[in-house]
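If you want the building blocks of each chain, they are given just below.
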Amino acid sequence: MRLTDTPEEAAWRQEVRNFIKENLPRELRGADDEGFGEGPIARNRRDEEELRRTRAGGEGFRRESGPLAEWRKRLYERGWVAPAWPKQYGGAEMTVMQQFILSQEMAEAGAPQVGGMGISLAGPTIIVHGTDEQKAEHLPKILSGETRWCQGFSEPGAGSDLASLQTRAVKDGDDYIINGTKIWTSGAQYANWMFMMARTDPDAPKHRGITYFLVDFTSPGITLKPLVQMTGAAGFNQVFFDNVRVPAKNIVGEVNRGWYVGTTTLDYERSGVGAAITARKSVERLAKFARETRDKDYNTLLRNPKVRLEIADRMVECNVLEMLVYRILHLQNVGMIPNYEASMGKLYRSELNQRIAATGMKLIGLYGLNYDPQSPYAPNRAQYPRSYLGSVSGTIAAGTSEIQRNIIAQRGLGLPRD
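Keep in mind that this is a model prediction, so the values were computed, not measured. Along each chain, numbering runs from 1 in the same order as the chain's sequence is written. Note on the predicted model: pLDDT of at least 70 is required for a residue's local features to be given, and 80 or more for side-chain atom pairs to be given and counted; whole-chain, interface and lining totals, by contrast, use all residues. With hydrogens and water excluded, all non-hydrogen atoms of the structure serve as input to the side-chain values.

## A few points about the overall build of the chain
And step 1. Counting from the N terminus, the helices are the DSSP runs of H or I reaching at least four residues and the strands are the DSSP runs of E reaching at least two. Along its length, the chain carries 12 helices and 8 strands.
And step 2. Exposure is judged per residue with a 1.4 Å probe applied to protein chains only, and the accessible area is read against the type maximum: over 50% gives exposed, under 20% gives buried, and values in between give partly exposed. Every one of the 418 residues in the chain was classed for burial, and the buried ones make up 49%.
And step 3. Of all intrachain contacts in the chain linking residues separated by at least 6 positions in sequence, the fraction that spans at least 24 positions is 73%.
And step 4. As presented, the chain carries roughly 20,000 Å² of accessible surface, and 51% of it is formed by carbon and sulfur atoms. In this description, contact between two residues means that some pair of their heavy atoms is separated by no more than 4.5 Å. All accessible areas in this document rest on Shrake-Rupley with a 1.4 Å probe, and a residue is counted as covered only by the protein chains that are shown.

So, in structure tokens, the structure goes:
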């Protein structure tokens, strides 16, 4: 595992930095300085439209428009939306290392990612398991932004034990008719396609008899119910399928063997390349806040010196996460799909994010009870209490911490199931 750039990689890194400097729209810059400069308790205002969008669906899933759409266009023109994808579908056929460096520099600059689940999950799964027809139909539209994707895995009775899913798909001529419900479907209100798993053989063992479908989300019979979270956002949804007709050509992989396709999706979901930088920058912002406001009432650092040690611990943990990410990168670079290694990264990342949020709450003390980002008494626009609540779902989404530990134990350490 190599931790330094070759001369070629160093030159590529500089090219990426120059591109970001010249092309990232001004409105998307400076995310890492949010809350500073103006004063941590001062002028805590947000545009009402931004607040509405955040509460409606979460910033990470809203439709791309304005500066974000312009940013996607500039990336798309270079094939940098998904740089490792084949050129024939709109990628740049870069090496894994080139893509990693691009992602790393984007994260360092605070540049927003584009494409959502289409880029991170649907596209890579179609590339590995899809037919040539499916690749030609879906990959270019994912890159251009014509299609937005959501994930239909969890159900009310099948979350951690995903293989217990009961949504049914029954063959009817050249189609399958799907009935059932999915839940915790992130960004479904913005999606026009879904990748999902449904049971096609109810008599087979539960890990078999499952098929992986690509579903046109404008099909008749699909309805959504938003799920409001304790953060006030409604990024999740429950999705109901009532006799939804899906062509058999939309099956990815083999009928009744969709579980194995789905695990590929989960491995990409859990790999988390770039997460180490995001976590580190969160700790750096926390340390900056502690330094610049140490004599203020809303900073407990002088009253609780142990907070200083906690911030140091968080930074050390970010370095550990970076090493886990480099291991995942190495596997991808030699043509392997991370498995238990991805679970290690996901487990550590999601629990670290909770610890970072908890340290932030300790730093501001009782001011952490103020959740209103517009309040003049909310340090850093209520960033810390909002992160504290939002991080709760991190150890549940994409597989609970308990599931990740089981994967690590069984596939990584070779321990028995019982």
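Further notes follow.
## Let's talk about the pairing of strand β4 (residues 193–199)
And step 1. Among the 7 residues in β4, 7 count as buried, and that is most of the element.
And step 2. Alternating positions in β4 separate into two faces, Trp193, Phe195, Met197 and Arg199 on one and Met194, Met196 and Ala198 on the other, with burial throughout.
And step 3. In short, DSSP must find at least two bridges between two strands for them to pair. Here strand β1 (residues 149–152) runs beside β4; their pairing, made up of 4 bridges, is parallel. Pairing of Trp149 across the sheet is with Trp193, part of β4.
And step 4. Sheet analysis places β4 next to strand β5 (residues 210–216), joined by 7 bridges and oriented antiparallel. Looking at β5, one finds that Trp193 is bridged to Asp216.

## Some remarks on the environment of Leu301
And step 1. Of note, Leu301 is situated in the loop between α8 (275–292) and α9 (306–333).
And step 2. In this structure, the C-alpha to C-alpha distance between Leu301 and Ile364, residues 63 residues apart in sequence, is 8.4 Å.
And step 3. Non-local contacts of Leu301, meaning those with residues more than four positions away in its chain, are made with Ala290, Arg294, Val307, Arg308 and Leu363.

## Overview of the packing of helix α10 (residues 340–364) against helix α11 (residues 383–390)
And step 1. Only the stretch in contact is used when a helix axis is fitted, and all axes are lines through C-alpha atoms; the angle between N-to-C directions ranges over 0 to 180 degrees. Two numbers describe how α10 lies on α11: the axes approach to 8 Å, and their chain directions differ by 145°. Here the hand of the crossing between α10 and α11 comes out left-handed. Contacts between α10 and α11 involve Ala357, Ala358, Gly360, Met361 and Ile364 on the former and, on the latter, Tyr384, Pro385, Ser387 and Tyr388.
And step 2. Charged means Asp, Glu, Lys or Arg here, nonpolar means Ala, Val, Leu, Ile, Met, Phe, Trp, Tyr, Cys or Pro, and polar covers whatever is left, Gly included. Its residues placed into classes, the contact of α10 with α11 shows 7 nonpolar, 2 polar and no charged. When the near helix sits turned anticlockwise from the far one by under a right angle, the crossing is termed left-handed; a clockwise turn instead gives a right-handed crossing.

## Structural notes on the nonpolar core
And step 1. Formed by 45 residues in total, the largest nonpolar core has its most connected members in Trp71 and Phe195.
And step 2. Elements that contribute at least two residues to this core include exactly α1 (7–23), α3 (67–78), α4 (96–109), α5 (116–129), α6 (132–144), β4, β5 and α7 (258–271).
And step 3. In terms of residue count, the dominant contributor to this core is α5 (5 residues).
And step 4. Residues in contact with Phe195, not counting those within four places in the same chain, are Met117, Leu121, Ala122, Trp149, Cys150, Gln151, Gly152, Phe153, Tyr212, Phe213, Leu214 and Thr265.
And step 5. In terms of nonpolar packing, the next biggest core, distinct from the first, is built from 24 residues, Met97, Ala290, Leu301 and Ile311 among them. In these notes, a set of buried Ala, Val, Leu, Ile, Met, Phe, Trp, Tyr and Cys residues joined through side-chain atoms within 4.5 Å is what counts as a nonpolar core.

## What to know about the packing of α1 against α3
And step 1. At a closest axis distance of 11 Å, the pairing of α1 and α3 adopts a crossing angle of 145°. The element α1 and its partner α3 pack so that their crossing is right-handed. Residues Glu15, Phe19, Ile20 and Asn23 of α1 form the contact with α3, whose participating residues are Trp71, Arg74, Leu75 and Arg78.
And step 2. By residue class, the composition of the contact of α1 with α3 is 4 nonpolar, 1 polar and 3 charged.

## Here's the deal with the packing of aromatic side chains
And step 1. For Phe, Tyr and Trp, where Trp contributes only its six-membered ring, two rings pair if their centres lie within 6.5 Å, and the inter-plane angle classes them as stacked under 30 degrees, edge-to-face over 60, or tilted in between. Throughout the structure, instances matching the rule amount to 14 aromatic pairs.
And step 2. Between Phe19 and Trp71, the ring centres sit 5.9 Å apart and the planes meet at 35°, which makes this aromatic pair tilted. Here Phe19 is found in helix α1, whereas its partner Trp71 is found in helix α3, with 52 residues between them in sequence. Like Phe19, the residue Trp71 is buried in the burial classification.
And step 3. Pairing Phe19 with Trp80 gives two aromatic rings, centres 4.7 Å apart and planes at 65°, and the pair type is edge-to-face. On the criterion of sequence distance, the pair formed by Phe19 in helix α1 and Trp80 in the loop between α3 and α4 is long-range, its members being 61 residues apart.

## Things to note about the environment of Arg74
And step 1. If you trace the backbone, Arg74 turns up in helix α3.
And step 2. Of the residues examined, Arg74 reaches a relative accessible area of 24% and is grouped as partly exposed.
And step 3. Residues Arg74 and Leu24, spaced 50 residues apart in sequence, show a C-alpha to C-alpha distance of 8.6 Å.
And step 4. In protein, a polar contact means a hydrogen-donor-capable atom and an acceptor-capable atom, both N or O and within 3.5 Å, with residues adjacent in sequence counting only if both atoms are side-chain atoms; elsewhere, any N or O pair within 3.5 Å suffices. Of note is the side chain of Arg74, whose polar atom sits 2.9 Å from the side chain of Glu70.

## Some points on the pattern of salt bridges
And step 1. Counted as salt bridges are all cases of a side-chain nitrogen of Lys or Arg within 4 Å of a carboxyl oxygen of Asp or Glu. Applying the stated criterion to the full structure yields 17 salt bridges.
And step 2. With its nearest N and O atoms 2.9 Å apart, the salt bridge here joins Arg17 to Glu105. You can see Arg17 sitting in helix α1 and its partner Glu105 sitting in helix α4, a full 88 residues away along the chain.
And step 3. Looking at Arg17, the relative accessible area reads 42%, which means it is partly exposed.
And step 4. For Asp161, the salt bridge identified is with Lys206, shortest N-O distance 3.0 Å. Of this pair, Asp161 sits in the loop between β1 and β2 (168–172) while Lys206 is found in the loop between β4 and β5, placing the two residues 45 residues apart along the sequence.
And step 5. Taken together, the salt bridges that share partners define one network made up of Glu310, Arg314, Glu317, Arg355 and Lys362.

Note that all results are geometric; they support no functional claim without further evidence.
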